[in-house]
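Structural overview
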Amino acid sequence: MTTPPIDVDVPSGLRATVPTPAPGDPVLSRLSLNQATTKYWSLRQAVEGCLRAGVPAIGPWREHVAEAGLAASARLLRDSGLRVSTYCRGGFLTGTDRAASLEDNRRALDEAAELGAPVLVMVVGGLPEGDRDLVGARERVAEALHELVPYAAERGVRLGLEPLHPMFCADRAVLATLGQALEWADPFPAAQVGVVVDTYHVWWDPAVYEHIAWAGPRGRIASFQVCDWVLPLPEDSLLGRGMVGDGHIDVRSLYRAVREAGYQGDVEWEVFNARVWASDGDDVIATMVRRHLQHVL
């Protein structure tokens with residue numbers, strides 16, 4: 001008799017402690033693969049991987065859409081039947097070339113609309129080279145939002161403001177807390193501007209549950225993204241995310257908080273990790289599916 005294969009989690013290499021849910025299992029109904037988790041897969045490979053595993057939604061990235069072509073990507077997504085949970089990413093609004101930044105974000109919004117993405121994730125940008133004017137950088141973001149929101153509304157795409165952990169303030173996001181993101185979103189209708197709750201970036205914040213409880217009933221939570229905080233941090237801190245269950249974040253409590261606050265959208269797994277990227281994509285998704293059951297739901 002043939003011995004059934006043993007499921008192994010990646011990147012740990014440890015034997016899985018729960019069976020892999022089968023495609024169609026209700027526990028997968030709100031699960032989404034952010035394409036960054038399988039970075040080296042093309043959009044077609046990521047779509048096919050989701051279909052094999054029964055993952056019903058995907059969050060594509062601009063680089064992969066550009067590689068495949070916008071029209072071909074939109075057709076692929078439509079034909080697959082997968083939901084598009086978000087589109088990554090827009091933003092980087094703090095630089096000195098304001099016109100170029102706005103134009104790039106308008107292109108991103110056009111792409112999101114063509115792909116059927118309800119949310120364009122906005123990583124707002126850090127400080128320009130040699131600049132220490134944090135207040136001025138934040139003012140430039142606020143000004144740019146006032147220009148972009150009407151354009152996004154015309155295309156039926158919502159801007160999702162994503163606060164990043166403060167260690168990324170200098171180079172990636174002068175938006176550092178969920179409370180700050182909600183303040184920036186407040187001048188606009190909730191249907192046009194929301195916030196992205198990413199466990200990696202908000203778990204440390206003593207006020208995070210208070211802000212989630214405030215944002216949910218007001219319809220401000222545009223996306224919920226998950227991964228874990230693993231130590232030691234790598235030299236490139238951007239790649240310090242782990243598969244949920246491998247680190248220090250109580251992801252389940254954060255998920256329960258957004259659900260109790262009224263969020264009914266997808267749970268998007270977004271893992272930047274060199275060891276995960278080096279693993280077989282199907283093994284990555286299988287681990288994601290198991291860990292979703294173990295540590296999120």
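Here we summarise the structure given alongside this text. As the structure is a prediction and not an experimental result, all values here were calculated from the model. (Residues numbered from 1 in each chain as written. Predicted model: local features only at pLDDT ≥ 70, side-chain atom pairs only at ≥ 80, totals over all residues. Heavy atoms only, no water.)

Bringing the overall build of the protein chain into the picture now. When you go through the protein chain residue by residue, the secondary structure sums to 11 helices and 11 strands. A compact globule built from 297 residues should have a C-alpha radius of gyration of about 19 Å, and the protein chain, at 19 Å, falls within 12% of that. Overall, the protein chain is about 70 × 45 × 40 Å in size when its C-alpha atoms are taken along their principal axes. Relative to its 297 residues, the protein chain shows a buried fraction of 54%. The long-range share in the protein chain, meaning contacts at least 24 apart out of those at least 6 apart in sequence, stands at 79%. (Helix = DSSP H or I, 4+ residues; strand = E, 2+ residues; numbered from the N terminus. Rg over C-alpha atoms; globule rule 2.2 N^0.38 Å. Buried < 20%, exposed > 50% of the residue type's maximum accessible area, 1.4 Å probe, protein only. Contact = heavy atoms within 4.5 Å.)

What follows deals with the sheet that holds strand β2 (residues 57-59). Pairing in this open sheet of 9 strands is parallel, and the strands run β3-β2-β1-β11-β8-β7-β6-β5-β4 from one edge to the other. The outermost strands of the open sheet, each flanked by one partner alone, are β3 (83-84) and β4 (87-91). With 3 bridges joining them, strand β1 (residues 31-34) and strand β11 (residues 267-269) adopt parallel strand pairing. Each bridged residue has a counterpart across the sheet, and for S32 the counterpart in β11 is E268. Along the sheet face, helix α6 (residues 178-185) touches β6 (158-161) and β7 (193-198) and points at about 170 degrees away from the line of β7. (Pairing = 2+ DSSP bridges. Axes fitted to C-alpha atoms, helices over the stretch in contact; angles between N-to-C directions.)

Another point: the packing of aromatic side chains. Taken as a whole, this structure holds 6 aromatic pairs when the rule is applied. A connected cluster of aromatic rings, assembled from ring pairs, spans Y40, W61, F272 and W277. Above the plane of the ring of Y151 lies R155, whose end atom (NZ or CZ) is 3.5 Å from the centre. (Phe/Tyr/Trp six-rings, centres within 6.5 Å; stacked < 30°, edge-to-face > 60°. Lys NZ or Arg CZ within 6 Å of the ring centre and 35° of its normal.)

To continue, consider the environment of V195. As for its placement among the helices and strands, V195 is situated in strand β7. Sequence separation between V195 and G240 is 45 residues, and the spatial gap between their C-alpha atoms is 22 Å. Those residues within four positions of V195 in sequence are excluded, and the remaining contacts are L161, L178, A181, L182, R220, I221, A222 and S223.

Nonpolar side chains collect at one region of the surface, where M167, L231 and L233 lie side by side and expose about 250 Å² of accessible area between them. Checked against the element boundaries, M167 lands in the loop between β6 and α6. You can call M167 partly exposed: its relative accessible area is 31%. (Patch = residues over 30% accessible without salt bridge, like charges linked within 9 Å, V, L, I, M, F, W, Y side chains within 5 Å. Areas by Shrake-Rupley, 256 points an atom, 1.4 Å probe, with all protein chains shown as cover. Salt bridge = Lys/Arg side-chain N within 4 Å of Asp/Glu carboxyl O.)

Moving on: the pairing of β1. Two faces, one strand: in a regular strand the side chains alternate between the faces of the sheet. Burial of the side chains of β1 extends over both faces: L31 and L33 are buried on one face and S32 and N34 on the other. As judged from the 3 bridges shared by β1 and β2, these two strands associate in the parallel manner. By the bridge assignment, L33 is partnered in β2 with I58. For the crossover that starts at β1, traverses helix α1 (residues 43-53) and ends in the parallel β2, the hand is right-handed. (Right-handed = clockwise from strand over helix to strand, strands pointing away.)

What describes two packed helices is the angle between their axes and the distance between those same axes. With their axes 11 Å apart at the nearest point, helix α4 (residues 98-115) and helix α5 (residues 134-154) run at an angle of 35 degrees to one another. For the pair α4 and α5, the sense of crossing is right-handed. Together, R98, L102, N105, R106, L109 and D110 of α4 and R140, E143, A144, E147, L148, Y151 and A152 of α5 make up the contact between the two elements. Class assignment for the residues of the contact of α4 with α5 results in 6 nonpolar, 1 polar and 6 charged. (Left-handed = near helix turned anticlockwise from the far one by under 90°. Nonpolar A, V, L, I, M, F, W, Y, C, P; charged D, E, K, R; others polar.)

Within helix α9 (residues 251-260) the residues assigned to the buried category are V251, L254, Y255, A257 and V258. The arc that holds the buried residues of α9, viewed along the axis, is 160 degrees, so those residues lie on one side. Contacts made by the buried residues of α9 are with β7, α7 (199-202), α8 (208-215), β8 (221-226), β11 and α11 (281-295). Phi for G262, located one or two positions after α9, is positive at around 110 degrees. (Arc of directions from axis to C-beta.)

Looking now at the nonpolar core. V55, L159, L161, I212, F224 and W269 are the most contacted members of the largest nonpolar core, which totals 93 residues. At 8 residues, the largest contribution of residues to this core is made by α5. Here I212 is in contact with L178, V197, P217, I221, L254, A257, V258 and A261, once residues within four sequence places are set aside. (Core = buried A, V, L, I, M, F, W, Y, C linked by side-chain atoms within 4.5 Å.)

This part covers the pattern of salt bridges. If you walk through the whole model with that rule in mind, you get 21 salt bridges. Among the salt bridges present, the one from D9 reaches R291, with a minimum N-O distance of 3.2 Å. You can see D9 sitting in the segment before β1 and its partner R291 sitting in helix α11, a full 282 residues away along the chain. Among the salt bridges present, the one from R155 reaches E154, with a minimum N-O distance of 3.1 Å. With a relative accessible area of 64%, E154 lands in the exposed category. It is possible to trace a salt-bridge network through shared partners that takes in D7, D9, D246, R290 and R291.

That is the geometry; function is a separate question.
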